[in-house]
Amino acid sequence: MQIPAKWSNFIDGQWVENEVELPVFSPATAEPIAMISLASIEQAEQALEAAQRCVAERHLVHAKPAQRVSLLLRAAEEIRRVAEYGAHVLCLENGKNYADALDEFTEAARYFEYYAGMADKVEGVSIPLGDDYISFTNYEPMGVSVQIVPWNFPISICARSLAPALAAGNSCIVKSPELSPLGLCVLFEALEKAGFPQGSLHLLCGLGSEVGQHLVSSPKANQIVFTGSVATGQRIMQAASQWATPCVMELGGKSAAIVLEDADLDELLKNIKSGIFFNSGQVCSALSRLLVHEHIYEKTLQAIRGLVGELKLGDGFSKADITPVISAQQQQQIQKMCETALKEGAALIASGKTPLPEKGFYVQPTVFSTTDSSLSIAREEVFGPVLCVMPFYSDEQAVQLANETSYGLVAGVFTNNLNRALRFTQLLRSGQVFINEWYAGGIETPFGGVGLSGFGREKGQEALYSYVRTKCVTFKLKGA
Ligand code: NAD
């Protein structure tokens, strides 16, 4: 399937081009596949002004909530219509499996359906203050919601923020990731057809350090929703502090699964395969640390060797287990972290057997083991198909190891002992705990971090309240 050679940005209801362009590469071949217009600071300003105008004109707020419901449902329909084409584009530019790319579009449609179901139920409360007062709360949209999207799941992460933000009546500016911006253009072509008011939706591909920084530093932004690395999140929070702009921060992770001695080993292996090798480990909530009870430690290492030996490497259209990572820089960074792991004394337990293709940004699936939790491989996010396995001797030690990094996105427990599993859920420092299935849950389950994994919640009913603020109205009645 041919894809267009040139792609543009969506600002104030128009697809606009720019002379300055950025090549987009195929991670599978390392060759350019298309050019995208790079938005300028002036265009970012134009988007901010148009979004502000749309907020001031109150189009989405003035409408009956039922109209927002219809808009969101129409958006879901349009997204489903472009899903296969969009998945093809995403597979080409991102390197991920076609089936996973298609899932992103389907999930995006589901986000719009899910929050359509909430758009007419954003209800405040009434507060009893005695007979002489009437007091109630209203939920108001934040206004202009600036949303900075990463490259690893651009479509589903964009829809995860966009759908509740629009359901609540905000105007949104999405800054797409430089490395994987094309699929988002397909998503926005679908959203354009849904008929949202002019000025309520903008898509800009621009450099993070320029256009991204401009958007998050602007007093016209009433909210910043950021998904990405800790370092960028910290820069954005600094910029946001200037205007006290509220933020939702979805950052990185180094999530641990605790495997108790009664865990089902076959089930565990399936979960390791999806937990750390899905999307070549480029998942914020990847199962990147495996803490295994000493009684089954050697047996588990042996089983992992078998699993890794069978993983097939290939491009996103080949149904391979391990697809290329996003860029040469990401490839080098992962390789460097593996070299450091060996230098620091971690043991190499397993590595993929398929020869690396001559072209493309491939990395072998790799597993290390160590008993030293201070090693960088046991603490730092790799964002690649690399697992670190460690033994533990007691439940207390397992909790201590799991909680030892500065992150706190996800933790998991594999056991048939419900009582022990539930005790762990109380002690683990993380935004979510998966029991007996990594990635258990879906768009309905609230998601977010603790510590350096960030704050604020996406997904589920709770996320809608990340996109509104409470206004309390209190009325003094006259007379008896
Ligand atoms: P990144 O921080 O490099 O970039 C993310 C986005 O921020 C890009 O669109 C980039 O252009 C933009 N950006 C860069 N500098 C900016 C600035 N100064 N101001 C505004 N925007 C700026 O992250 P990445 O490499 O794209 O994504 C990988 C990271 O994202 C990993 O750490 C991963 O764990 C994290 N992540 C977290 C979640 C989550 O939900 N918690 C989900 C996916 C990815």
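Residues numbered from 1 in each chain as written. Predicted model: local features only at pLDDT ≥ 70, side-chain atom pairs only at ≥ 80, totals over all residues. Heavy atoms only, no water.

Undergrad: So, the overall build of the protein chain: which residues are in play, and what are the values?
TA: Of the regular secondary structure elements, the protein chain holds 15 helices and 20 strands. Its C-alpha atoms give the protein chain a radius of gyration of 23 Å, within 12% of the compact-globule value 23 Å for 480 residues. Per-residue burial for the protein chain yields a buried fraction of 56% across its 480 residues. Restricting the contact set of the protein chain to residue pairs at least 6 apart, pairs at least 24 apart contribute 74%. Accessible area for the protein chain stands at about 19900 Å²; split by element, carbon and sulfur atoms hold 52% of it. (Helix = DSSP H or I, 4+ residues; strand = E, 2+ residues; numbered from the N terminus. Rg over C-alpha atoms; globule rule 2.2 N^0.38 Å. Buried < 20%, exposed > 50% of the residue type's maximum accessible area, 1.4 Å probe, protein only. Contact = heavy atoms within 4.5 Å. Areas by Shrake-Rupley, 256 points an atom, 1.4 Å probe, with all protein chains shown as cover.)

Undergrad: Please give an account of the site of the ligand that cites residues and values.
TA: The environment of the ligand is formed by 30 residues, the closest being K175, E178, Q213, S229 and E381. Within the backbone of G228, an N or O atom sits 3.2 Å from an oxygen atom of the ligand. Compared with its free state, where it exposes 860 Å², the ligand has 90% of that area covered by protein. A total of 4 residues in the shell around the ligand trace back to one element, the largest contributor, which is helix α7 (residues 208–217). Here the residues of the shell around the ligand sort into 14 nonpolar, 10 polar and 6 charged. (Near = heavy atom within 4 Å. Polar contact = N/O pair within 3.5 Å; in protein donor to acceptor, adjacent residues only side chain to side chain. Nonpolar A, V, L, I, M, F, W, Y, C, P; charged D, E, K, R; others polar.)

Undergrad: I'd love a proper account of unusual backbone geometry, names of residues and values included.
TA: Unusually for a residue other than glycine, A30 sits at a positive phi of about 65 degrees. Looking at where A30 falls in the secondary structure, it is placed in the loop between β4 (21–25) and β5 (32–37). A positive phi angle, close to 60 degrees, is found at F383, a residue other than glycine. When you line up the elements, F383 lands in the loop between α12 (376–379) and β16 (386–392). Judged by its relative accessible area of 16%, F383 falls in the buried class.

Undergrad: Let's hear about the environment of A87: which residues, and what values?
TA: Counting through the fold element by element, A87 comes out in helix α3 (residues 65–94). Put simply, A87 and I155 are 68 residues apart on the chain and 9.6 Å apart in space, counted from C-alpha to C-alpha. Apart from the residues within four sequence positions on either side, A87 is in contact with Y98, A101, L102 and F105.

Undergrad: An account of the sheet that holds strand β18 (residues 432–435) is requested, with residue identities and associated values reported.
TA: The 7 strands lie next to each other as β14-β15-β16-β13-β12-β17-β18, forming an open sheet whose pairing is mixed. Whereas interior strands pair on both sides, the edge strands pair on one side only; in this sheet they are β14 (347–351) and β18. Neighbour to neighbour, the strand axes of the sheet diverge by 20 degrees on average, direction disregarded. Pairing of strand β15 (residues 366–369) with β16, which is carried by 4 bridges, proceeds in the parallel orientation. Across the sheet, S369 pairs through a bridge with V389, a residue of β16. (Pairing = 2+ DSSP bridges. Axes fitted to C-alpha atoms, helices over the stretch in contact; angles between N-to-C directions.)

Undergrad: Account for the packing of aromatic side chains, naming residues and giving values.
TA: With the rule as written, the count across this model stands at 10 aromatic pairs. With a centroid separation of 5.1 Å and an interplanar angle of 65 degrees, the aromatic rings of Y139 and Y465 are classed as edge-to-face. Linking Y139 in strand β6 (residues 133–141) with Y465 in the loop between α15 (460–464) and β20 (468–476), this pair joins segments that are 326 residues apart in sequence. Judged by its relative accessible area of 29%, Y139 falls in the partly exposed class. Within the aromatic cluster, the residues linked to one another by ring pairs are F153, F278, F434, W438 and Y439. (Phe/Tyr/Trp six-rings, centres within 6.5 Å; stacked < 30°, edge-to-face > 60°.)

Undergrad: Mind laying out the sheet that holds β4, listing which residues take part and the relevant values?
TA: Pairing within the open sheet is mixed, and its 3 strands lie in the order β1-β5-β4. Among the strands making up the open sheet, the edge pair consists of β1 (6–7) and β4. As paired elements, β1 and β5 share 2 bridges and run parallel to each other. The residue bridging K6 from the neighbouring strand is M35, located in β5. Strand contacts of helix α6 (residues 182–194): β1, β4 and β5, with the helix running at about 55 degrees to β5, the strand carrying the most contacts.

Undergrad: Residue-level account of helix α11 (residues 328–344), with values.
TA: Taking 1.5 Å of rise per residue, the 17 residues of α11 would be expected to cover 24 Å, and the 24 Å separating its terminal C-alpha atoms lies within 8% of that figure. All buried positions along α11 are accounted for by Q330, Q331, I334, M337, C338 and A341. Buried residues in α11, looked at end-on, bunch into an arc of 130 degrees, giving them a common side. Facing away from the buried surface of α11 by more than 90 degrees, the exposed residues are Q329, K336 and K343. Those residues of α11 that are buried lie in contact with β15, α12 and β16. Once α11 ends, the next one or two residues include G345, with phi positive near 110 degrees. (Expected span 1.5 Å × (residues − 1). Arc of directions from axis to C-beta.)

Undergrad: How would you summarise a nonpolar patch on the surface if you had to cite specific residues and measurements?
TA: A surface patch of nonpolar side chains, about 330 Å² in accessible area, is lined by V125, I127, L129 and Y133. Tracing the backbone shows V125 in the loop between α4 (98–116) and β6. (Patch = residues over 30% accessible without salt bridge, like charges linked within 9 Å, V, L, I, M, F, W, Y side chains within 5 Å. Salt bridge = Lys/Arg side-chain N within 4 Å of Asp/Glu carboxyl O.)

Undergrad: Would you mind going over the packing of helix α9 (residues 265–277) against helix α10 (residues 297–310) in detail, with residue names and values included?
TA: Close contact between α9 and α10 brings their axes to 11 Å; oriented N to C, the two are set at 55 degrees. In terms of axis orientation, α9 runs oblique to α10. Both α9 and α10 take part in a crossing whose hand is right-handed. Residues L265, L268, L269, I272, K273 and F277 of α9 form the contact with α10, whose own contacting residues are K299, T300, A303, I304, L307 and V308. For the contact of α9 with α10, the residue count by class is 9 nonpolar, 1 polar and 2 charged. (Parallel < 35°, antiparallel > 145°, perpendicular 65-115°, else oblique. Left-handed = near helix turned anticlockwise from the far one by under 90°.)

Distances and angles like these do not, on their own, reveal function.
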